[in-house]
Amino acid sequence: MELWYTEKHTDTVDFSIKVQKHFYSETSPFQQIDFFKSEEFGTFFTLDGLMMVNEKDEFVYHDMITHVAMATNPDIKRVLVIGGGDGGTVRELTRYKHIEKIDMVEIDEMVVRACQKYLPLTADKLTDPRVTLYFEDGLKFIEGKVAQYDLILVDSTDPIGPGEGLFSEAFYTDCFNALTEIGILINQHESPYYSNYAREMKRSHDKIEKIFPISRVYQFHMPTYPSGHWLFGFASKSLDPIKDFKKEAWEAFGLETKYYNTELHTGCFALPTFVKKLLSE
C-alpha cells in the first residue's frame, strides 16, 4: 500500500508527494500540525493540510525573505520576525554577525518545539543568544511599538486561520510605526498565478502601498508552493531595493547562499507582464 500526501492547489488541481512515513500528528490550540518523511523532499511539515516547509526547497524561501533586505541595508541590527516557527528565517539572520537583536513572535509554540525536534535543518539557530522567542499573537506584540526595528520579516501562513490578521491594514500600519526611518518590511505576498491566491496578493499590495512611500514586489520559484511562482513584498519608509542596493557591501559578508545572489537581487524585481498588470489594476 502506498501513502501519499495530497494538497489541493485549486478545486481542479492537486499536488502530491509519495510519503515514506507520517510520524507526527497533533492538534494545537490554533491548527493541525503534521510531519512526514518522503524520499524526494525529505522531512516536511504541514499546517491544516498545507505544505509549510520541507528539507529540499526550504533554502529558496529563507534566502529570499532575508537576504534581499540585508543587501539593501547591510547595517540592519535589530530585527523582528513574525511567524517563522520553523526557524529558517532566523537561521539566515544569525549568519550576519553584526545583527544584535532578533525577536521572533510565533503564536503557536507547538510548531516551534516540533520543528526543533524533527526539523533541525531550519530550527537549530533558535537558541542563538541574540534570539528571543515570544509565543504570542504578532498583531498584539507590535501594537504601540515605535521605531524599534530596522527590519520586520512577516513569515506568515496564508491569510486564513492564525495568519489572517497579518494581512490587514491595521497590522501594516503598526509595522510602519515600529520601523526606524531606514526600516524595511518584507512580507509573504502569496502567488499571482491561481485566482484565489492572486486576489489575496492584490489586496495585500494595495494596503501596503497606501502606507509605505516605497512599495515593491519581487518573485521567487518555490517548487512545493501552489503554482511554484511566489512573491514577497518589499516596503520601506526611505530605502529602494534597486537604487539603494549595496552589492559590494553584501558580497563582503562572504555568505554562501544556495538561491540568492547579487545578480538575482536586481532581477527578481523584474516581474512578468501579467503580474505587473494585476498589481496596477
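Here we summarise the structure given alongside this text. (Residues numbered from 1 in each chain as written. Predicted model: local features only at pLDDT ≥ 70, side-chain atom pairs only at ≥ 80, totals over all residues. Heavy atoms only, no water.)

## Things to note about the nonpolar core
Inference 1: Judged by nonpolar contacts, the single largest core of 63 residues is most densely connected at Phe45, Met64, Leu151, Ile186, Tyr218 and Phe220.
Inference 2: For this core, the element with the most residues is helix 1 (residues 58–72), which contributes nine residues.
Inference 3: Sequence-distant contacts of phenylalanine 45, that is, excluding residues within four places in its chain, are made with Asp34, Phe35, Leu50, Met51, Met52, Val53, Asp86, Val111, Cys115 and Leu119. (Core = buried A, V, L, I, M, F, W, Y, C linked by side-chain atoms within 4.5 Å. Buried < 20%, exposed > 50% of the residue type's maximum accessible area, 1.4 Å probe, protein only. Helix = DSSP H or I, 4+ residues; strand = E, 2+ residues; numbered from the N terminus. Contact = heavy atoms within 4.5 Å.)

## Some remarks on the packing of aromatic side chains
Inference 1: All told, the structure shown has 24 aromatic pairs when counted by the stated rule.
Inference 2: When the ring of phenylalanine 176 is compared with that of phenylalanine 212, the centres are 5.1 Å apart and the planes differ by 70°; the resulting orientation is edge-to-face. Residue phenylalanine 176 is found in helix 6 (residues 169–178), and its partner phenylalanine 212 is found in the loop between helix 7 (195–211) and strand 11 (214–221); the two are separated by 36 residues along the sequence.
Inference 3: Look at phenylalanine 212 and you get buried, because its relative accessible area is 3%.
Inference 4: Seen from their ring centres, tyrosine 197 and tryptophan 230 are 5.6 Å apart, and the 65° between their planes marks the pair as edge-to-face. A residue pair is termed long-range when its members are at least 10 positions apart, and tyrosine 197 in helix 7 and tryptophan 230 in strand 12 (residues 229–236) qualify at 33 residues. Across this residue pair, the class does not change: tyrosine 197 and tryptophan 230 are buried.
Inference 5: Members of the aromatic cluster, connected to one another through ring pairs, are Tyr61, Tyr197, Tyr218, Phe220, Tyr225, Trp230, Phe232, Phe234 and Phe269.
Inference 6: For the cation-ring pair, lysine 145 lies above phenylalanine 141, with the distance from its terminal atom to the ring centre recorded as 4.1 Å.
Inference 7: Between lysine 258 and the ring centre of phenylalanine 59, over which it is positioned, the NZ or CZ distance is 4.4 Å. (Phe/Tyr/Trp six-rings, centres within 6.5 Å; stacked < 30°, edge-to-face > 60°. Lys NZ or Arg CZ within 6 Å of the ring centre and 35° of its normal.)

## Digging into unusual backbone geometry
Peptide bonds are mostly trans, and most non-glycine residues show a negative phi.
Inference 1: Positioned with a positive phi, alanine 147 is a non-glycine residue whose angle comes to about 50°.
Inference 2: The residue alanine 147 is located in the loop between helix 5 (138–142) and strand 9 (149–155) in this model.
Inference 3: The residue glutamate 190 is not glycine, and still its phi comes out positive at about 70°.
Inference 4: Inspection of the secondary structure puts glutamate 190 in the loop between strand 10 (179–188) and helix 7.
Inference 5: With a relative accessible area of 2%, glutamate 190 lands in the buried category.

## Considerations on the pattern of salt bridges
Inference 1: Per the stated rule, a full pass over the model turns up 17 salt bridges.
Inference 2: The salt bridge involving glutamate 2 is made with lysine 18; its shortest N-O contact spans 3.3 Å. Residue glutamate 2 is found in the segment before strand 1 (3–10), and its partner lysine 18 is found in strand 2 (residues 13–27); the two are separated by 16 residues along the sequence.
Inference 3: Assessed through its relative accessible area of 46%, lysine 18 is described here as partly exposed.
Inference 4: Here glutamate 169 ties to lysine 210 by a salt bridge, and the two come within 3.8 Å at their closest N and O atoms. One end of the pair, glutamate 169, is in helix 6; the other, lysine 210, is in helix 7, and 41 residues separate them in sequence.
Inference 5: With relative accessibility at 35%, the residue glutamate 169 sits in the partly exposed group.
Inference 6: A residue is classified by how much of its surface remains accessible, and lysine 210, at 62% relative accessible area, is exposed. (Salt bridge = Lys/Arg side-chain N within 4 Å of Asp/Glu carboxyl O.)

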